[in-house]
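# Secondary and tertiary structure notes
Now for the letters of each chain:
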Amino acid sequence: MCICLIILPGPDTAITTKNTLSFGKQGGFQTLFGTCCALCVHTFAVIVGLSAIIVKSAILFSIIKYAGAIYLIYLGIKTLLSIKQDMNSDMSEIKSSKGHSFFLQGFLTNLLNPKVAVFFLTFLPQFLNPAENSWSQFLIMGITYIVLTAIWFILYITLIQRINVFMKKPKTQKFIQGITGAVLVGFAIKLAFEKAAFK
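All of these numbers come straight from a predicted model, not from anything done at the bench.

Take the packing of helix H2 (residues 11–48) against helix H7 (residues 114–122) next. Viewed as axis vectors pointing N to C, H2 and H7 meet at an angle of 50 degrees, and their least axial separation amounts to 10 Å. Between H2 and H7, the angle falls in the class oblique. When the axes of H2 and H7 are compared, the crossing they make is right-handed. Counting all contacts with H2, which are made through Leu39, His42, Thr43 and Val46, the residues of H7 involved are Val116, Ala117, Phe120 and Leu121. Its residues assigned to classes, the contact of H2 with H7 comprises 6 nonpolar, 2 polar and no charged.

Written as structure tokens, this is what we have:
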């Protein structure tokens, strides 16, 4: 079930695709590292009970989801505007100026998605053994989910690099950037209307 949920396209996939296509493996792996670090935070939040508080609090849930929606809109619009940039510009210059943003993009995209917290609270507890410590079980399941996420995105990033010649064509990249930007804005709108699972 975790594998199915991981490979299902979402904001993480969209931002990883964009950064890998535009900046190669460096952009993709830094984005992945940010995503995995955010999942570590979600795992810790579940263990200490913060996720339950966030999901049950309408105010906190709304703050996080709107912050996430605004950030996704920002990334989406930024991606759409980048289509107007000269495709023949020096990519090494872009990498040097924005090389430290990939981690934050992956980290914030995942961290500000309250649906991840809802998933950790509704799906993982089904497999808890009441006779054992819940925090250690949550930790093991959280680490398992993070490892599976890393494996999938490593394969995904590698696949994108393998078809790099076709994907790097100016027309193809402009098309993909346009689709990615629209998808990010779409996810933002969907997230903005997301409701908490618990009241």
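This is not the end of the story, as more comes after the structure.
Counting residues in each nonpolar core, the largest one holds 22 residues, and the members touching the most others are Leu39, Phe119, Phe120, Leu124 and Tyr145. Breaking this core down by element, the ones donating at least two residues are helix H1 (2–7), H2, H7 and helix H8 (134–162). Among the elements that make up this core, the one with the highest residue count is H8 (9 residues). Residues in contact with Tyr145, not counting those within four places in the same chain, are Cys2, Ile6, Leu39, Phe119 and Phe120.

Sites flagged by UniProt as "transmembrane region" (unreviewed entry) map to residues 32–53, 59–81, 102–123 and 135–155. End-to-end, the C-alpha atoms of residues 102–123 are 29 Å apart, and along that stretch the chain is 86% helix and 0% strand. Within residues 135–155, the helical portion is 100% and the strand portion 0%, while the C-alpha atoms at the span's ends are 30 Å from each other.

Basis of the calculations
- Residues numbered from 1 in each chain as written.
- Predicted model: local features only at pLDDT ≥ 70, side-chain atom pairs only at ≥ 80, totals over all residues.
- Heavy atoms only, no water.
- Axes fitted to C-alpha atoms, helices over the stretch in contact; angles between N-to-C directions.
- Helix = DSSP H or I, 4+ residues; strand = E, 2+ residues; numbered from the N terminus.
- Parallel < 35°, antiparallel > 145°, perpendicular 65-115°, else oblique.
- Left-handed = near helix turned anticlockwise from the far one by under 90°.
- Contact = heavy atoms within 4.5 Å.
- Nonpolar A, V, L, I, M, F, W, Y, C, P; charged D, E, K, R; others polar.
- Core = buried A, V, L, I, M, F, W, Y, C linked by side-chain atoms within 4.5 Å.
- Buried < 20%, exposed > 50% of the residue type's maximum accessible area, 1.4 Å probe, protein only.
- UniProt positions renumbered as here; feature names shortened; annotations may be inferred.

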